[in-house]
Amino acid sequence: KNEVEQSPQNLTAQEGEFITINCSYSVGISALHWLQQHPGGGIVSLFMLSSGKKKHGRLIATINIQEKHSSLHITASHPRDSAVYICAVRSGTSGSRLTFGEGTQLTVNP
Amino acid sequence: DAGVTQSPTHLIKTRGQQVTLRCSPISGHKSVSWYQQVLGQGPQFIFQYYEKEERGRGNFPDRFSARQFPNYSSELNVNALLLGDSALYLCASSSLGSSAELFFGEGSRLTVL
């Protein structure tokens, strides 16, 4: 079993739909990252959180430390949101060593 | 300010050859980490360097090595290339600390034939 599990692996939505991507992890962490990767390969950090909830524009990330679970929500989805979304965790003593999930391929159709 | 820069962006090698990938971190960042991302999978941690010292190593063979220079740039070397080394190699920079934000480069896509 991977230390970081994401679901779903693939997600297709219509423009305007509310989207949720889930991440569960099995290790103690100091921080959890949500990352976005476009087809060119570069990765952009969307959120880093260790508790509670963060919001940036149409994106919301939540984390429940007790349940070892995080969710990424996209409100009013748009075709430009199409990308791979990756959850990654950092354990307390690992410096910048991240353990990644397999990613969720999101496609938003117009 | 320039972000994390990696070079080359794409390269093709044959089995048995050696490759060197380069990474320049964001100005002021002293920590560089390297990741390998095979097509269709999430990235895997290879190395972390801070202040020119190795601070962490993932589960990769000794064919993989890295170093960090006084200006905090870094090189990843892979010897005796195998077909399975074909991947996107990502570099990330940060300041040190478990709460430090990570910034990724665009990656170097290596194809081994």
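The rules we used
- Residues numbered from 1 in each chain as written.
- Chains lettered and ligands numbered in written order.
- Predicted model: local features only at pLDDT ≥ 70, side-chain atom pairs only at ≥ 80, totals over all residues.
- Heavy atoms only, no water.
- Helix = DSSP H or I, 4+ residues; strand = E, 2+ residues; numbered from the N terminus.
- Rg over C-alpha atoms; globule rule 2.2 N^0.38 Å.
- Buried < 20%, exposed > 50% of the residue type's maximum accessible area, 1.4 Å probe, protein only.
- Contact = heavy atoms within 4.5 Å.
- Areas by Shrake-Rupley, 256 points an atom, 1.4 Å probe, with all protein chains shown as cover.
- Lys, Arg positive; Asp, Glu negative; His and termini not counted.
- Charge placed at Lys NZ, Arg CZ, Asp CG, Glu CD.
- Pairing = 2+ DSSP bridges.
- Axes fitted to C-alpha atoms, helices over the stretch in contact; angles between N-to-C directions.
- Salt bridge = Lys/Arg side-chain N within 4 Å of Asp/Glu carboxyl O.
- Polar contact = N/O pair within 3.5 Å; in protein donor to acceptor, adjacent residues only side chain to side chain.
- Phe/Tyr/Trp six-rings, centres within 6.5 Å; stacked < 30°, edge-to-face > 60°.
- Buried area = accessible area lost by both parts, 1.4 Å probe.

1. Focus on the overall build of chain A
Item 1. A count of helical and extended segments in chain A gives zero helices and eleven strands.
Item 2. Compactness check: chain A gives a C-alpha radius of gyration of 13 Å against a globular reference of 13 Å for 110 residues, within 12% of the reference.
Item 3. Referenced to the eigenvectors of the C-alpha coordinate spread, the extents of chain A come out at roughly 45 × 30 × 25 Å.
Item 4. Counting only residues that meet the buried cut, chain A has 44% of its 110 residues in that class.
Item 5. Counting only contacts in chain A whose residues sit at least 6 apart along the sequence, the fraction spanning at least 24 positions is 55%.
Item 6. For chain A, the computed accessible surface area is about 5,100 Å², with 49% contributed by carbon and sulfur atoms.
Item 7. Each charge class in chain A can be summarised by its mean position, and for the 9 positive and 7 negative side chains these summaries are 10 Å apart.

2. Digging into the pairing of strand β6 (residues 53-57) of chain B
All names here are of chain B.
Item 1. In this sheet, β6 lies alongside strand β5 (residues 44-50) in antiparallel orientation, the contact comprising four bridges. Bridge assignment links Phe-47 to a residue of β6, and that residue is Arg-57.
Item 2. The antiparallel pairing of β5 with β6 creates a hairpin that spans two residues between the two strands, and Glu-51 there sits at a positive phi of about 50°.

3. Some points on the sheet that holds strand β7 (residues 64-68) of chain B
All names here are of chain B.
Item 1. In spatial order, the strands read β1-β3-β8-β7; together these four strands make up an open sheet with antiparallel pairing. This sheet does not close on itself; its edge strands, each paired only once, are β1 (5-7) and β7. In this sheet, adjacent strand axes meet at a mean angle of 15° when their direction is disregarded.
Item 2. Pairing of β7 with strand β8 (residues 74-78), which is carried by five bridges, proceeds in the antiparallel orientation. Counted as the bridge partner of Ala-66 is Leu-76 from β8.

4. Quick look at the pattern of salt bridges
Item 1. Across all of its chains, the model carries six salt bridges over all chains by this definition.
Item 2. When salt bridges that share partners are traced, they join B:Arg22, B:Arg67 and B:Glu75 into one network.

5. Topic: the environment of A:Thr104
All names here are of chain A.
Item 1. On the secondary structure map, Thr-104 appears in strand β11 (residues 104-109).
Item 2. For Thr-104, a relative accessible area of 0% puts it in the buried group.
Item 3. Considering only alpha carbons, one finds Thr-104 and Tyr-85, 19 residues apart in sequence, at a separation of 5.1 Å.
Item 4. When near neighbours in sequence (up to four residues on either side) are disregarded, Thr-104 contacts Gln-6, Ser-7, Pro-8, Gln-9, Leu-11, Ile-21, Ala-83, Val-84 and Tyr-85.
Item 5. At 3.2 Å, the side chain of Thr-104 forms a polar contact with the side chain of Gln-6.

6. Looking at the packing of aromatic side chains
Item 1. The final tally for this structure, using the stated rule, is five aromatic pairs over all chains.
Item 2. Arranged with centres 6.0 Å apart and planes meeting at 45°, the rings of B:Tyr35 and B:Phe104 form a pair that is tilted. Placement of the pair is B:Tyr35 in strand β4 (residues 31-37) and B:Phe104 in strand β10 (residues 103-104), with a sequence separation of 69 residues.
Item 3. Taking relative accessible area as the criterion, B:Tyr35 reaches 0% and is therefore assigned buried.
Item 4. Three or more aromatic residues link up through ring pairs in this structure, and these residues are A:Phe100, B:Tyr35, B:Phe45 and B:Phe104.

7. Some details on the interface of chain A and chain B
Item 1. Across the contact, 22 residues belong to chain A and 25 residues belong to chain B.
Item 2. Note on chain A versus chain B: buried area summed over both sides is about 1,700 Å², and carbon and sulfur give 50% of it.
Item 3. Where chain A packs against chain B, one counts zero salt bridges.
Item 4. In this assembly, chain A and chain B are joined by four residue pairs in polar contact (both at pLDDT 80 or more).
Item 5. Looking at the side of chain A that touches chain B, the elements that each hand over two or more residues are β4 (31-37), β5 (43-49), β9 (83-90) and β10 (98-100) of chain A.
Item 6. For the side of chain A that touches chain B, the element with the most residues is β4(A), which contributes four residues.

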